[in-house]
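Spelled out, the chains give:
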Amino acid sequence: MKQLSEKYKITTPSKSANLEIIRDFVGKLARRAGFSEDHVNKIQLATDEACTNVVKHAYKNVPAGPIEVDVTLNREKFVVTVSDKGIGFDLNNLVQPNMVEYLNQYKKGGLGIHLIQTLMDEVVFKVNPFHKNSVKMVKYIHRSESADKLRQQEMIMERTKNRG
Ligand SMILES: Nc1ncnc2c1ncn2[C@@H]1O[C@H](COP(=O)(O)OP(=O)(O)OP(=O)(O)O)[C@@H](O)[C@H]1O
Ligand SMILES: [Mg+2]
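Everything in this summary refers to the structure shown in the same document. Keep in mind the model is a prediction, meaning the values are calculated, not measured.

Rules and cut-offs
- Residues numbered from 1 in each chain as written.
- Chains lettered and ligands numbered in written order.
- Predicted model: local features only at pLDDT ≥ 70, side-chain atom pairs only at ≥ 80, totals over all residues.
- Helix = DSSP H or I, 4+ residues; strand = E, 2+ residues; numbered from the N terminus.
- Buried ≥ 20, exposed ≤ 12 C-beta atoms within 10 Å, placed from the backbone.
- Contact = placed C-beta atoms within 7 Å.
- Core = buried A, V, L, I, M, F, W, Y, C linked by C-beta atoms within 7 Å.
- Axes fitted to C-alpha atoms, helices over the stretch in contact; angles between N-to-C directions.
- Parallel < 35°, antiparallel > 145°, perpendicular 65-115°, else oblique.
- Left-handed = near helix turned anticlockwise from the far one by under 90°.
- Pairing = 2+ DSSP bridges.
- Nonpolar A, V, L, I, M, F, W, Y, C, P; charged D, E, K, R; others polar.

A word on the overall build of the protein
Thought 1: For the protein, the count of helices and strands is 5 helices and 5 strands.
Thought 2: The order of helices and strands in the protein, counted from the N terminus, is β-α-α-β-β-α-α-β-β-α.
Thought 3: By the burial criterion, 26% of the 164 residues in the protein qualify as buried.
Thought 4: Taking as baseline every contact in the protein between residues at least 6 positions apart, the subset at least 24 positions apart corresponds to 68%.

In structure tokens form, the structure reads like this:
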């Protein structure tokens, strides 16, 4: 049976000052979908990293454009898609740091995407420069994660608490 999905969307100018608005938007919907506060925080952090990438990387050398955040939710899953119309990037160049490197190098950058992949259940990138570059991030509402993944997520959440 096809499940009814609800769709929500927010579009903001690509400025760090708007990340809080997006964080609240996604957080409220995730809470309503039934996630625990722990999971809400993970979804918010993943969304924040995706939006920070738009602010930092997408609109380099072109006039700043929009960040679009789409949320689709049903009883099974919560899907956040962050899109931009910026320069895009080469998916083949994304490196996969391991957790030890993550902890040692976090402050040096280059780990946002790894963090998104660890916090969320499924992550799909689509790149179409100046038209639509997107990262789709899925969190299942009833899924128990492996002990190993949970531990990695906890390390990230603990680590980013003190991130300034
Ligand atoms: N929306 C985007 N538009 C253009 N390039 C992007 C986008 N998202 C990611 N990238 C590219 O992918 C690289 C890796 O992103 P990632 O978030 O993992 O690291 P970072 O942003 O460089 O550092 P950190 O997130 O740790 O501060 C970025 O350096 C950038 O080149
Ligand atoms: Mg980043």
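That was the structure; now back to the text.
Some words on the nonpolar core
Thought 1: Ala46, Val80, Val82 and Ile116 are the most contacted members of the largest nonpolar core, which has 27 residues in total.
Thought 2: Only helix H1 (19-32), helix H2 (37-58), strand E2 (66-73), strand E3 (77-84), helix H4 (112-119) and strand E5 (133-140) provide two or more residues apiece to this core.
Thought 3: Excluding residues that lie within four positions of it along the chain, Ile116 makes contacts with Ala46, Glu49, Ala50, Val123, Val135 and Met137.

Some points on unusual backbone geometry
Thought 1: With a phi angle near 70°, Phe130 is a residue other than glycine that sits in the positive phi range.
Thought 2: Position of Phe130 relative to the elements: it lies in the loop between strand E4 (122-126) and E5.
Thought 3: Residue Phe130 is classed as partly exposed on the basis of its 13 C-beta neighbours within 10 Å.

A word on the packing of H2 against H4
Thought 1: Where H2 contacts H4, the axes come no closer than 9 Å and their chain directions differ by 155°. With respect to their mutual orientation, H2 and H4 come out roughly antiparallel. In the crossing of H2 with H4, the sense of the turn from one axis to the other is left-handed. On H4, the residues that touch Lys42, Leu45, Ala46, Glu49, Ala50, Thr52 and Asn53 of H2 are Gly112, Leu115, Ile116 and Leu119.

A closer look at the pairing of E3
Remark: a regular strand shows side chains that alternate across the two faces of the sheet.
Thought 1: Among the 8 residues in E3, 7 count as buried, and that is most of the element.
Thought 2: Alignment of E2 against E3, held across 7 bridges, turns out to be antiparallel. Across the sheet, the residue bridging to Val71 is Val80, located in E3.
Thought 3: With antiparallel pairing between neighbouring strands as the criterion, E2 and E3 make up a hairpin whose turn holds 3 residues.

Description of the packing of H4 against helix H5 (residues 147-161)
In a pair of packed helices, the angle between the axes and the distance between the axes together describe the arrangement.
Thought 1: Contact geometry for H4 and H5: axes closest at 9 Å, N-to-C directions at 130°. Classified by the angle between their axes, H4 and H5 sit oblique to one another. Of the two possible hands of crossing, H4 and H5 adopt the one that is left-handed. Counted together, Leu115, Thr118 and Leu119 of H4 and Gln152, Gln153 and Ile156 of H5 form the full contact between these two elements.
Thought 2: Split by residue class, the contact of H4 with H5 holds 3 nonpolar, 3 polar and no charged.

Observations regarding the sheet that holds E5
Paired through backbone hydrogen bonds, the strands of a sheet run either parallel or antiparallel to each other.
Thought 1: Taken in spatial order, the 5 strands of this open sheet run E1-E2-E3-E5-E4, and their pairing is antiparallel. The strands lining the two open edges of the sheet, one partner per strand, are strand E1 (6-13) and E4. Going across the sheet, the axis of each strand differs from the next one's by a mean of 15°, ignoring polarity.
Thought 2: Lying on the sheet, H2 is in contact with E2, E3 and E5; it crosses E3 at an angle near 10°.

A closer look at the pairing of E5
Thought 1: The alternating pattern of E5 places Asn133, Val135, Met137 and Lys139 on a buried face and Ser134, Lys136, Val138 and Tyr140 on a face that is not buried.
Thought 2: Across 5 bridges, the pairing between E4 and E5 is antiparallel. Bridging across to E5, Glu122 finds its partner in Val138.
Thought 3: Hairpin connection from E4 to E5: 6 residues lie between these consecutive antiparallel strands, with Phe130 at a positive phi of about 70°.

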